[in-house]
Amino acid sequence: MKRKLYYQDAYHKTANTIVVNQAHDEMGNWFLTLEETIFYPTGGGQPHDIGKINGIQVTNVEEVEGEIRHFIAGPQLEVGETVTLEIDWERRFDFMQQHAGQHILTASFVELLDIQTTSFHLGKEIVTIDLDATKISDDQLNEVEKLANQIILENRSIETKWVTREQLEDYPLRKQVTVDEDIRLVIIPEFDYNGCGGTHPSSTGQIGALKILDTEMQKGNVRVHFVCGGRVLEQLHRKQKTMQEMSRLLSASEEGLVQSTKKLLDNGKKLEKMLEETHEQLLYFEVKNLLSENGFELSIERVFQQRSIQELQKLARLTVAEAPKSRVIFIAENEGLLQFVLARGSENETNMKQLAAQILPLINGKGGGSESFAQGGGTTDLSGADLLKKLC
Ligand SMILES: [Zn+2]
C-alpha cells in the first residue's frame, strides 16, 4: 500500500512541494492544491492544521472529494511553482497529544469496563468523549485514568501500518473499519489497534499525561472531559492560581479551603437571618409609633415613599394585629407606580375587596384580595395623597 499524504508521517514541520492548482470554491474562497502536503485536513475528530505556504498564511485545510484544499487569502502563487510549507507546530503537536490520548483513554474504558466510546470532540481548551454508558463512578474514572497514564508512562511505540481488508483479520481491532482501501492502522502494541487517518506522536510518552477533569450527562449517556500533554500543565497552572487567590482571600491553607468556605457561607446565612429579625423588629416599632400617633383610631391611612409591597404587607398585618378595631390604607409611591395595601383588624367589618375594586379604576391598576386583606398597584398621575382624598 502506497502512502499518498506525508502529513501522516507526523514529524514533518516543513517541506517543499509543487503547486498543482490554484482556484476558488463557490463561496469565493481561494485555495491551493499541492503535489504532496504536510498539512492535516479536518477529519476524524481532529481539527485542521494552520501554517504558511511561502510565507502566506493558510487559514483552513479541508478535504473535498479526495482533494486537499489549502485556503489562503487570494491568488498569490503560480501553478507549477515550488513552494515551502510550514505548519504551526505548537498547534499540531497539541492536537497529536490530545488525539493520541483519546485513543488510550477510549481503549482504557474498553479494557477495564468494557465501555465503548461513541464520539469524540477536540475543543480549544478541553477534549471530550461520549461513552456508551448511563453512569460511571468516581472510582471507575480513577482506575481508567490510572491505566491510561500507565500506558503513557511505559512509553510504548505508536506504530502505523497500511493494510488490506484481508490483513485486518490479523489484528484485534477495537472498532469496525469503515473504508475498503488505503486502510491505515494505528497500533499501540498489545493495547490498542485502530483504523485511523489522524496524526499521532511516535510513542505514548510524548503524550506526557492525561487528566480526567469532569463528567456530565449528555442525552442520557456519560460525557467525559479530559486534557492531555501541555494542557494538563495549563489546567494545573490556572487552578493553582485560583487556589492561591482563594487561600489569600479566606486566609486559609489549601487543605482548609473547603471548611473555610463552608464556614463563610454559614455565617452569611446567620447574618441574613439576624438582619431579617432586626428588620421585623423595626417594623414592629414603626407600627407602635404609627398607632400612638394615630391614637388607635379606626381608620389609619399613610403614604410612604419607595417601599416594597412586601414590606407594606408586613406593616399592615402587624398594625391590624395590634389594633383589631382598625382598618388600614397604606400607599407607596414607587417611581411612577402607586401601590396600596388594605387590611382590617378582627373587630372591623370594612370589606377590603370592595375597597380595592373602588381604588383600582382610579389608578389604572390591577390587584385584588379577600374581604380582610387586599392589595394592588397601577401607573397614574395621582399622588398618594390625591388618592386618599378621593377615598374620603
Ligand atoms: Zn488516531
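Look a little higher up for the structure.
Residues numbered from 1 in each chain as written. Predicted model: local features only at pLDDT ≥ 70, side-chain atom pairs only at ≥ 80, totals over all residues. Heavy atoms only, no water.

Visitor: Before we move on, can you summarise the side chain of Asn 351 with the specific residues and values?
Guide: Within the secondary structure, Asn 351 is located in the loop between β17 (337-344) and α6 (352-359). In terms of polar contacts, Asn 351 uses its side chain to reach the backbone amide nitrogen of Lys 353, at 3.0 Å. Engagement of the side chain of Asn 351 in a polar contact is seen with the backbone nitrogen of Gln 354, the distance being 3.1 Å. Once residues lying within four places of it in the same chain are set aside, the contact partners of Asn 351 are Arg 344 and Glu 371. (Helix = DSSP H or I, 4+ residues; strand = E, 2+ residues; numbered from the N terminus. Polar contact = N/O pair within 3.5 Å; in protein donor to acceptor, adjacent residues only side chain to side chain. Contact = heavy atoms within 4.5 Å.)

Visitor: Any chance you could break down the coordination of the zinc ion for me, citing the residues and the numbers?
Guide: For the zinc ion, the full set of protein donor atoms is His 99 (NE2), His 103 (NE2), Cys 196 (SG) and His 200 (NE2), at a range of 2.0 to 2.2 Å. For the zinc ion, the four donor atoms in the first shell make angles of 97 to 125° at the metal, a pattern classed as tetrahedral. By relative accessible area, His 99 is classed as buried at 2%. According to the relative accessible area criterion, His 200 is buried, its value standing at 7%. (Donors = N, O, S within 2.8 Å, 3.2 Å for Na, K, Ca; no water. Tetrahedral: all angles 85-135°; square planar, octahedral: opposite > 155°, others 65-115°. Buried < 20%, exposed > 50% of the residue type's maximum accessible area, 1.4 Å probe, protein only.)

Visitor: With reference to specific residues and values, describe the sheet that holds strand β9 (residues 127-131).
Guide: Here four strands make up an open sheet; going across it, the order is β8-β9-β14-β13 and the pairing antiparallel. Either end of the sheet is taken by a strand with one partner, and the two such strands are β8 (117-122) and β13 (210-218). Ignoring which end each strand starts from, the neighbouring axes of this sheet average 20° apart. Contacting β8, β9, β13 and β14 (221-228), helix α1 (residues 89-113) crosses the sheet at an angle of about 135° to β14. (Pairing = 2+ DSSP bridges. Axes fitted to C-alpha atoms, helices over the stretch in contact; angles between N-to-C directions.)

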